[in-house]
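Residues per chain, in single letters:
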Amino acid sequence: METLSNLESFIRSAEAGGFSGAARRMGVTPAAVSRNVAMLEKNLGVRLFHRSTRKLTLTEDGERLLAGIGPNLDKLQSALADVAAGDSHPAGVLKVSMPQTLGTGWLLPMLPAFLARYPGVRPEWHFEERQVDLVGEGYDAAIGGGFDLRPGVVARTLAPAHIVPVAAPAYLAHHALPAHPSDLKALDWIAMRSLQSGRIRSWTLRHRSGEEAAVDASPALVLSDPPALREAALQGLGVALLALPDVLPQLETGALVRLLPEWHADAGSISLYYASRVLLPAKTRAFVDYVLDVFEREQLAQRFSAISEG
């Protein structure tokens with residue numbers, strides 16, 4: 001029977017498209033991942049990947065194996081962790097970092113039900129627009145994007161991080177609607193300066209057809225975080241480029257209007273980060289499972305996508 005390490009090495013390599021990416025997610029070396037996959041191929045008597053110097057691609061046998069076991073691996077690992085944890089009940093301080101709007105607008109509303117299920121957990125949630133050192137700063141988990149996956153840190157993708165241009169109806173009443181990203185230079189751009197890098201964030205928009213266009217506009221207003229950009233846009237001060245979770249309620253009520261609806265910028269993924277895949281503290285495992293369930297039940301990945309299915 002195959003070991004979990006061999007199976008996980010295969011699945012993470014397929015997801016990452018290479019041994020190095022899989023190794024970062026699993027907190028091991030690329031050589032260990034490659035060795036586990038090779039052992040799995042030897043035991044099964046089939047080749048699972050086509051290997052090149054740049055990327056791994058699944059063979060037909062690999063695709064069939066991934067489809068069969070991929071969705072079940074995490075459940076199996078969680079079941080083993082549950083047994084190892086015995087009768088441990090989730091309890092203790094749960095320290096989590098998350099962006100302000102995502103946290104207060106989408107995750108905080110889930111907290112009453114979470115605490116009703118796990119009364120022994122005491123949340124300590126930090127709303128901040130930065131990438132924390134998960135292990136060094138003592139966080140049980142973090143939610144955001146683009147974190148450095150250091151050894152021992154894993155990530156679970158929650159939703160796409162799509163950026164869209166928005167403005168208030170009052171502002172648009174006095175300005176022509178843009179037909180192309182190049183038209184944004186004629187409007188008032190509300191820009192964001194990163195507190196970490198000191199640079200103004202620039203974006204390249206992509207059309208559904210694949211065409212790309214950089215936002216080449218001089219900022220009329222510079223602010224330091226997404227909630228401030230959203231409030232400035234609501235005040236009719238110009239056009240802001242923001243992630244959909246930051247503006248979806250305002251778009252749904254009509255307080256803001258999405259410009260260039262066929263265009264968006266891709267900022268990667270919103271992910272849930274934690275320090276180990278198995279043998280997690282019960283409080284962290286409960287939080288991870290709960291967040292994943294909320295995102296699935298509320299279809300937040302689909303709602304946060306800028307690409308309509310129509």
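Computed from a predicted structure; not experimentally measured.

Enquirer: Would you mind showing me how to read the packing of aromatic side chains here?
Expert: The relative placement of two aromatic rings is captured by the distance of their centres and the angle of their planes. Per the stated rule, a full pass over the model turns up 8 aromatic pairs. Ring centres of F114 and Y118 lie 5.1 Å apart, and the angle between their planes is 55°; this geometry places the pair in the tilted category. Residues F295 and F304 carry aromatic rings whose centres are separated by 6.2 Å and whose planes lie at 80° to one another, so their mutual orientation is edge-to-face. Judged by its relative accessible area of 4%, F295 falls in the buried class.

Enquirer: I keep staring at the pattern of salt bridges and nothing clicks. Help me out?
Expert: Side-chain pairs of opposite charge can arise where the charged atoms are in close proximity. Overall, the coordinates contain 13 salt bridges when judged by the stated rule. Notably, a salt bridge pairs E8 with R12, separated by 3.7 Å at the nearest N-O pair. Of this pair, E8 and R12 both sit in helix α1 (residues 4–16), 4 residues apart, which is roughly one turn of the helix. Classification of R12 by relative accessible area gives buried; the value is 3%. Notably, a salt bridge pairs D293 with R297, separated by 2.4 Å at the nearest N-O pair. Of this pair, D293 and R297 both sit in helix α10 (residues 282–297), 4 residues apart, which is roughly one turn of that helix. With relative accessibility at 34%, the residue D293 sits in the partly exposed group. Given the relative accessible area of 48%, R297 is considered partly exposed.

Enquirer: Any chance you could explain unusual backbone geometry here in plain terms?
Expert: Phi at L260 is positive, roughly 45°, even though this residue is not glycine. Turning to its location among the elements, L260 is positioned in the loop between β12 (257–258) and β13 (263–274). Look at Q299: it is not a glycine, yet its phi comes out positive at around 55°. Along the chain, the position of Q299 falls in the loop between α10 and α11 (300–303).

About the thresholds
- Along each chain, residue indices are assigned from 1 in the same order as the chain's sequence is written.
- Totals for whole chains, interfaces and linings use all residues, but because this is a predicted model, local features are given only for residues with pLDDT of at least 70 and pairs of side-chain atoms are given and counted only at 80 or more.
- Hydrogen atoms and water are omitted, and side-chain values are computed over all heavy atoms in the structure.
- Any pair of Phe, Tyr and Trp rings, taking the six-membered ring for Trp, is counted once the centres come within 6.5 Å. Such a pair is stacked with planes under 30 degrees apart, edge-to-face with planes over 60 apart, and tilted for the rest.
- Under the scheme applied here, a residue whose accessible area is under 20% of the maximum for its type counts as buried, over 50% as exposed, and between as partly exposed, the area being computed with a 1.4 Å probe on protein chains only.
- By definition, a salt bridge exists where a carboxyl oxygen of Asp or Glu is found within 4 Å of a side-chain nitrogen of Lys or Arg.
- Counting from the N terminus, the helices are DSSP H or I runs at least four residues long and the strands are E runs at least two residues long.

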